[in-house]
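Read off the chains here:
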Amino acid sequence: MRYLPEIFANNRRWAEAVRRERPGYLPGLNVSQNPRFLWIGCSDSRVPANEICGLQPGEMFKHRNVANLVRENDPNCQAVIQYAVHTLKVRHIVVCGHYHCGGVRAAMDDTPQDGPLAGWLAPVRDLRQHEGSSLAGLDSEEQRWNRLCELNVIEQVRSLAALPLVRQTWDEGRPLSLHGWMYEFHTGLLHDLDTSISGPQATAPS
Ligand code: CO
């Protein structure tokens, strides 16, 4: 149990430092938040979203789940998107995956799995089957794994573009752009997958 008191001590140091360096900043968060974008990322502990983007509390609205999936039948994710788009009026939604994703890796495993995780990862498993021939052309299992991580992000951006919540925003003429990014642990760098979509005209079946 030593670990938890340490977290409270860390928290006090952090809060004191912020209050000292930016007086008024934390009390201002009591009043409102004004995030510029919604981040949909993996739950992975190695992806500290605010830190890698250089953003402070209040600047990024977030939803995280295993393998950064956007599913129309997931009320959790849909509620976050609704609040972000309709109430906070964010102008960008970023799906950020990462290489060496354990969730994607689990979906590549051919041994039968059970429990909620197996059901949750079923769309990634389907994607892997669908992309089987393109993945087979890669040299190593690690390359196939990392390519599937990328393809999964591209797929989630497409799913976002098809959501009624997103279509409605575009129909109303409000600006909203969708983006697919990847994060790489060993360099600490973000990569844009150039899969951005800014309106319904850009979402013709490919
Ligand atoms: Co992951």
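Notes on the structure in this doc start here. Remember, predicted model here, so these are calculated numbers, not experimental data. Every chain is numbered on its own, with residues counted from 1 as its sequence reads. Two thresholds apply to this predicted model, a pLDDT of at least 70 for residue-level local features and 80 or more for giving and counting side-chain atom pairs, whereas whole-chain, interface and lining totals are computed over all residues. No hydrogens and no water enter the side-chain calculation; it runs on all heavy atoms of the structure.

## Regarding the nonpolar core
Okay, step 1: The term nonpolar core refers to a set of buried residues drawn from Ala, Val, Leu, Ile, Met, Phe, Trp, Tyr and Cys, joined through side-chain atoms within 4.5 Å. Exposed residues in this analysis have more than 50% of their type's maximum accessible area, buried residues have under 20%, and partly exposed residues fall in between, with area computed by a 1.4 Å probe over protein chains only. Among the nonpolar cores identified, the biggest contains 44 residues, and Leu-38, Ile-81, Ile-93, Leu-160 and Leu-178 are the most heavily contacted of them.
Okay, step 2: Helix and strand labels come from DSSP, where a helix needs a run of H or I of at least four residues and a strand needs a run of E of at least two; each type is numbered from the N terminus. Breaking this core down by element, the ones donating at least two residues are β1 (37-42), α4 (75-87), β3 (92-98), α5 (102-108), α7 (122-130), α9 (141-162), α10 (164-171) and β4 (177-183).
Okay, step 3: A per-element tally of this core places α9 first, with nine residues.
Okay, step 4: When checking whether two residues touch, look at their non-hydrogen atoms; a contact exists if any pair is within 4.5 Å. Sequence-distant contacts of Leu-160, that is, excluding residues within four places in its chain, are made with Ile-40, Val-70, Ile-81, Ile-93, Val-95, Val-166 and Leu-178.
Okay, step 5: Residues Phe-37, Leu-55, Val-94 and Tyr-183 belong to the second largest nonpolar core, which totals nine residues.

## Concerning unusual backbone geometry
Okay, step 1: Despite not being glycine, Ala-67 shows a phi value in the positive range, around 70°.
Okay, step 2: Counting through the fold element by element, Ala-67 comes out in the loop between β2 (60-65) and α4.
Okay, step 3: Under the relative-accessibility criterion, Ala-67 is labelled buried at 0%.
Okay, step 4: Its identity is not glycine, yet Asp-194 carries a phi of approximately 55°, on the positive side.

## Notes on the pattern of salt bridges
Okay, step 1: What makes a salt bridge here is a side-chain nitrogen of Lys or Arg within 4 Å of a carboxyl oxygen of Asp or Glu, nothing more. Taken as a whole and assessed by the stated rule, the structure comprises eight salt bridges.
Okay, step 2: Among the ionic pairs, Arg-158 bridges to Glu-155, the shortest N-O distance being 3.8 Å. Of this pair, Arg-158 and Glu-155 are both found in helix α9, three residues apart, which corresponds to roughly one turn of the helix.
Okay, step 3: On the accessibility criterion, Arg-158 (45% relative accessible area) is partly exposed.
Okay, step 4: With relative accessibility at 31%, the residue Glu-155 sits in the partly exposed group.
Okay, step 5: Ionic pairing is found between Glu-172 and Arg-174, a salt bridge with its closest N-O pair at 3.1 Å.
Okay, step 6: According to the relative accessible area criterion, Glu-172 is partly exposed, its value standing at 45%.
Okay, step 7: Through salt bridges with shared partners, a single ionic network connects Arg-105, Glu-141 and Arg-144.

## As for the environment of Cys-77
Okay, step 1: One can find Cys-77 in helix α4.
Okay, step 2: In the structure, Cys-77 is positioned 14 residues away from His-63 in sequence and 6.7 Å away in space, judged by C-alpha atoms.
Okay, step 3: Residues contacting Cys-77, with those up to four places away along its chain left out, are His-63, Leu-69 and Val-70.

## Some words on the packing of aromatic side chains
For any two aromatic rings, the description comes down to two numbers: the centre-to-centre distance and the angle of the planes.
Okay, step 1: Centres within 6.5 Å are what make two rings of Phe, Tyr or Trp a pair, Trp counting through its six-membered ring; a difference in plane orientation under 30 degrees is then read as stacked, over 60 as edge-to-face, and the rest as tilted. According to the stated counting rule, one finds three aromatic pairs in the structure shown.
Okay, step 2: Centroid distance Phe-61 to Tyr-83: 5.7 Å. Interplanar angle 40°. Geometry classified as tilted. In this pair, Phe-61 is assigned in strand β2 and Tyr-83 in helix α4, connecting sequence segments 22 residues apart.
Okay, step 3: Overall, Phe-61 belongs to the buried group, its relative accessible area being 16%.
Okay, step 4: Here Tyr-83 falls in the partly exposed class, since its relative accessible area comes to 40%.
Okay, step 5: Ring geometry for Tyr-183 versus Phe-185: centroids 6.0 Å apart, planes at 75°, classification edge-to-face.
Okay, step 6: We classify Tyr-183 as buried; its relative accessible area is 7%.

## Topic: the coordination of the cobalt ion
Okay, step 1: Metal donors: N, O and S atoms at distances within 2.8 Å, or within 3.2 Å for Na, K and Ca, with water omitted from the atom set so that some sites may seem incomplete. Distances from the cobalt ion to its protein donors, Cys-42 (SG), His-98 (NE2) and Cys-101 (SG), fall at 2.0 to 2.3 Å.
Okay, step 2: Counting gaps between the donor residues of the cobalt ion yields the pattern C-x55-H-x2-C. With Cys-42 in strand β1 and His-98 in strand β3, this pair connects stretches of sequence that are 56 residues apart. Accessibility classification places Cys-42 together with His-98 in one group, the buried group.

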